[in-house]
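Spelled out, the chains give:
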Amino acid sequence: MTHPFLDLAPLSAARFAAIEDRVARLLGTRQDVVIMQGEALLPLEGAIRGTAGPGTTALNVITGPYGQTFGDWLRDCGATVIDLAVPFHTAVTAEQIRAAFAEHPGIDFVSLVHAEAATGNTNPVAEIGEVVREHGALFYLDAVASIGAEPVLPDAWGVDLCVIGAQKAMGGPAGVSAVSVSARAWDRMAANPGAPRRSYLSLLDWKERWVDGGRKALLHAPAQLEMLALEACVERIEGDGLETVMNRHRAAARSTRAGAVALGGGLEPYVHEERDAAPVATTLRVPAGVVASELVSRALASDPALPLAAGGGALAKEMVRVNHYGADATAGAVRGSLAALGAALAEKGLAVNVEAALRAADEGDWR
């Protein structure tokens, strides 16, 4: 008995390399792109451990939980870490980055999350990249949530290590991820005695055994189904057009934000300024006396498929996330989420106007 998922021919090195090339085109990069066989935490950690060590002075920008994780990894590598934390309802600015360099001129590594889906903010990477280039620091960027929802341009922005995952705005699988690596990032790894070797975390293993070998032989058996899903995901984006996919996410974010404001009931955007709000997901602050996780549970009771979630950790009490990314970057997902949240708030005795919320959401440009 055959099965279409279980009886596939082995994925060849040439097919693997071709998928990498398509990901590189999506990023508009001439850097080496390595697809890693695991969720994006794999290259995120591998890139830090490969390039940071006791001689590193790192500026670690914290605009959400992932920035905190990166700081922990950097310290574990022996790096001197300067944390630049801003409130989660806003974004970091290029001026704040410039001030950090002025105060700590020895900074030679900058870690930043582009869009924090967990908090709903996005950072101005192009402007920050200019400052980082001026000071010659290595620039590490987590673009896992932003790719597909907004421009990600590692070459134009001077990003040395750009990590992406397909499971959010790209609408693809979670089991594979990719990182673009600049020549000077490879040099930093080669000079780092603490860089992982003969390890699943090792980017240098991929460099020496895959990239330098002309991409003829894979290091190990690829995640076959996930690689094929990634290929299909990129093919779909190419067919629709990246700008079209990003426009859908921008429309979803604008419609959700406008609808939440019109809904009332004390629900309000968590990220104060729209310019700081990520198009991949919209976060909302619940009114006093309402627990976000309970509100989400009540809303999902009407339709479990809605892209609603409570914030993580302590944010579970105050934050609702509308995860309008990938297949849920649609008017229907936004309208359904607003209607369900409105009904759940009304059950709490709060005055809401669902019709006004839906009208405001419908005014978004869904072209």
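What counts, and where the lines are drawn
Residues numbered from 1 in each chain as written. Predicted model: local features only at pLDDT ≥ 70, side-chain atom pairs only at ≥ 80, totals over all residues. Heavy atoms only, no water. Phe/Tyr/Trp six-rings, centres within 6.5 Å; stacked < 30°, edge-to-face > 60°. Helix = DSSP H or I, 4+ residues; strand = E, 2+ residues; numbered from the N terminus. Buried < 20%, exposed > 50% of the residue type's maximum accessible area, 1.4 Å probe, protein only. Pairing = 2+ DSSP bridges. Axes fitted to C-alpha atoms, helices over the stretch in contact; angles between N-to-C directions. Contact = heavy atoms within 4.5 Å. Expected span 1.5 Å × (residues − 1).

Here we look at the packing of aromatic side chains
For the structure on display, the rule yields six aromatic pairs. Measuring from ring centre to ring centre gives 6.0 Å for F16 and W206, while their planes differ by 15°; the resulting arrangement is stacked. Of this pair, F16 sits in helix α1 (residues 13-27) while W206 is found in helix α8 (residues 203-211), placing the two residues 190 residues apart along the sequence. You can call W206 buried: its relative accessible area is 3%. Ring geometry for F16 against W210: centres 5.3 Å apart, planes inclined by 75°, an arrangement best described as edge-to-face. Here F16, found in helix α1, pairs with W210, found in helix α8; they are 194 residues apart in sequence, far enough to count as distant. Owing to a relative accessible area of 1%, F16 belongs among the buried residues under this scheme. Clustering of aromatic rings is evident, with ring pairs tying together F70, W73, F109 and Y140.

A word on the pairing of strand β9 (residues 177-181)
Burial analysis of β9 places five of its five residues in the buried class, which makes it a mostly covered element. Residues S177, V179 and V181 point to one face of β9 and A178 and S180 to the other, with burial holding for every one of them. Here five bridges tie strand β8 (residues 161-165) to β9, and the two strands are oriented antiparallel to one another. If you follow C162 over to β9, its bridge partner there is S180.

A short note on the sheet that holds strand β2 (residues 57-62)
The strands that make up a sheet are held in pairs by hydrogen bonds between backbone atoms, and each pair lies either parallel or antiparallel. Overall, mixed pairing links the seven strands, which are arranged β1-β9-β8-β7-β4-β2-β3 in an open sheet. The sheet is open, and its two borders are formed by β1 (32-36) and β3 (80-85), each paired with just one other strand. Averaged over all pairs of adjacent strands, the angle between strand axes in this sheet comes to 15°, irrespective of strand direction. The sheet contact formed by β1 and β9 spans five bridges and is antiparallel. Paired with D32 across the strands is V181, a residue of β9. Helix-sheet contacts for α8 involve β1 and β9, and the interaxial angle to β1 is about 110°.

A few points about helix α12 (residues 331-347)
With 17 residues, α12 should cover 24 Å at 1.5 Å per step; its first-to-last C-alpha distance of 24 Å lies within 8% of that length. Buried within α12 we find A333, V334, S337, L338, A340, L341, G342, A344 and L345. Looking one or two residues past α12, G349 carries a phi angle of roughly 85°, positive in sign.

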